[in-house]
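The primary structure of each chain is shown beneath.
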Amino acid sequence: MRVELIELAANVLFDVPEDMHQEIIALITAVAEDPAAQLPGMCAAFGEWCWLVYTARPDVIEVLDAGCAR
């Protein structure tokens with residue numbers, strides 16, 4: 001499964017502390033590896049402190065936005 005980050009989501013990865021960066025990467029990995037998380041339309045995934053908004057297409061997860069609560 002290929003993952004694409006739009007610029008807004010990619011910028012978040014550069015602006016958060018390392019532990020938050022790792023949580024966002026873990027969310028992306030979980031979504032990419034779980035077929036049940038790959039629903040059509042806009043979806044969201046939530047971790048302990050971070051979240052991401054994404055869409056799924058047959059071979060691509062497109063991360064539209066990501067953020068952290070702290």
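## A short note on the side chain of Thr-55
Part 1 of the reasoning: Among the structural elements, Thr-55 can be located in strand β3 (residues 50–57).
Part 2 of the reasoning: With relative accessibility at 18%, the residue Thr-55 sits in the buried group.
Part 3 of the reasoning: If we ignore the near neighbours within four places in the chain, the residues touching Thr-55 are Gly-41, Met-42, Val-60, Ile-61, Glu-62 and Leu-64.

## Observations concerning the pattern of salt bridges
Part 1 of the reasoning: In the structure shown here, the tally under the stated rule is three salt bridges.
Part 2 of the reasoning: A salt bridge links Glu-4 to Arg-2; the nearest nitrogen and oxygen atoms lie 2.6 Å apart.
Part 3 of the reasoning: Judged by its relative accessible area of 30%, Glu-4 is partly exposed.
Part 4 of the reasoning: The salt bridge partner of Glu-4 is Arg-57, with a shortest N-O separation of 3.7 Å. Residue Glu-4 is found in strand β1 (residues 2–5), and its partner Arg-57 is found in strand β3; the two are separated by 53 residues along the sequence.

## Quick word on the side chain of Glu-23
Part 1 of the reasoning: Relative to the helices and strands, Glu-23 resides in helix α2 (residues 18–33).
Part 2 of the reasoning: Leaving out residues up to four positions away in the same chain, Glu-23 has contacts with Gly-47, Glu-48, Trp-49 and Cys-50.

## Structural notes on the sheet that holds β1
Part 1 of the reasoning: Here we have four strands laid out as an open sheet, ordered β1-β4-β3-β2, and mixed in their pairing. Unpaired on one side and paired on the other, β1 and β2 (42–46) mark the two borders of the sheet. Sheet twist, expressed as the mean angle between neighbouring strand axes with direction ignored, is 30°.
Part 2 of the reasoning: Summarising the sheet, β3 and strand β4 (residues 60–68) pair through eight bridges and their orientation is antiparallel. Considered in β4, the bridge of Val-53 is made with Asp-65.

The rules we used
- Residues numbered from 1 in each chain as written.
- Predicted model: local features only at pLDDT ≥ 70, side-chain atom pairs only at ≥ 80, totals over all residues.
- Heavy atoms only, no water.
- Helix = DSSP H or I, 4+ residues; strand = E, 2+ residues; numbered from the N terminus.
- Buried < 20%, exposed > 50% of the residue type's maximum accessible area, 1.4 Å probe, protein only.
- Contact = heavy atoms within 4.5 Å.
- Salt bridge = Lys/Arg side-chain N within 4 Å of Asp/Glu carboxyl O.
- Pairing = 2+ DSSP bridges.
- Axes fitted to C-alpha atoms, helices over the stretch in contact; angles between N-to-C directions.

Note that all results are geometric; they support no functional claim without further evidence.
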